[in-house]
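Analysis of the macromolecular model
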Amino acid sequence: MLLKTLLVAITAAVLLQGCIIVDGDHSWHDDSGWKKQQARNVENIGLLELNSSRPQVMDIMGRPDFTEAFSRGDKDFYVLYYRTHRHKSDGETSKSETTPLVFENGRLIGWGDEAMQSAIVY
């Protein structure tokens, strides 16, 4: 009997080597979290008002996925990028999957690619 129990334990150990056992909720591959955040970002962008301050916008939007800052003449630009759509299911967020929110001297002047291009060529 002891030999049989030992044989079963050794077989199980060999078969399970390198396996990950999860608690059954499958949260390790659940992508609903980013989907919800992405939908929330789209919804929140719709609530934004031009000329809002960066802290006001961040209170609504939360932490951005990316940030950039640059100056043109006497104007300072700050860009917050929020994920709003998906191109690839690779587990990573790229800038091409975000919407930029553009601030000039601390005030929201627009969002989206056109606002970003306007700030760059300013």
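For clarity, every value in this text was computed on a predicted model and none was experimentally measured.

Quick look at the overall build of the protein
Per the secondary structure count, the protein includes 4 helices and 4 strands. Its helices and strands taken in sequence order, the protein reads α-α-α-β-β-β-β-α from the N to the C terminus. A buried classification covers 27% of the 122 residues belonging to the protein. Nonlocal contacts in the protein, meaning residues at least 24 apart in sequence, comprise 46% of its contacts between residues at least 6 apart. If you sum the accessible surface of the protein, you get close to 8,700 Å²; carbon and sulfur atoms cover 56% of it.

What to know about the nonpolar core
Nonpolar side chains in soluble globular proteins generally cluster together in the buried interior. Ile45, Leu48, Val57, Met61, Leu80, Tyr82, Leu101, Phe103 and Leu108 together form the largest nonpolar core, which totals 9 residues. Secondary-structure elements contributing two or more residues to this core are α3 (54-61), β2 (75-83) and β3 (98-104). In this structure, Phe77, Val102, Ala115 and Ala119 belong to the second largest nonpolar core, which totals 8 residues.

Looking at unusual backbone geometry
Despite not being glycine, Asn51 shows a phi value in the positive range, around 75 degrees. Assignment of secondary structure puts Asn51 in the loop between α2 (32-45) and α3. In this structure Asn51 comes out as exposed when scored by relative accessible area, which is 51%.

A closer look at the pairing of β2
If a strand is regular, its side chains alternate between the two faces of the sheet. For β2, a buried count of 7 out of 9 residues is recorded, marking the element as mostly surrounded by other parts of the structure. Looking at chain direction, strand β1 (residues 66-72) and β2 are connected through 7 bridges and run antiparallel. Of the residues in β2, the one forming a bridge with Thr67 is Leu80. The turn joining β1 and β2, which pair antiparallel and follow one another in sequence, is formed by 2 residues; a positive phi near 60 degrees is taken by Gly73. Where β2 and β3 come together, 7 bridges link them in antiparallel fashion. Residue pairing for β3: Tyr81 is matched across the bridge by Pro100.

Cut-off values and rules
- Residues numbered from 1 in each chain as written.
- Predicted model: local features only at pLDDT ≥ 70, side-chain atom pairs only at ≥ 80, totals over all residues.
- Heavy atoms only, no water.
- Helix = DSSP H or I, 4+ residues; strand = E, 2+ residues; numbered from the N terminus.
- Buried < 20%, exposed > 50% of the residue type's maximum accessible area, 1.4 Å probe, protein only.
- Contact = heavy atoms within 4.5 Å.
- Areas by Shrake-Rupley, 256 points an atom, 1.4 Å probe, with all protein chains shown as cover.
- Core = buried A, V, L, I, M, F, W, Y, C linked by side-chain atoms within 4.5 Å.
- Pairing = 2+ DSSP bridges.

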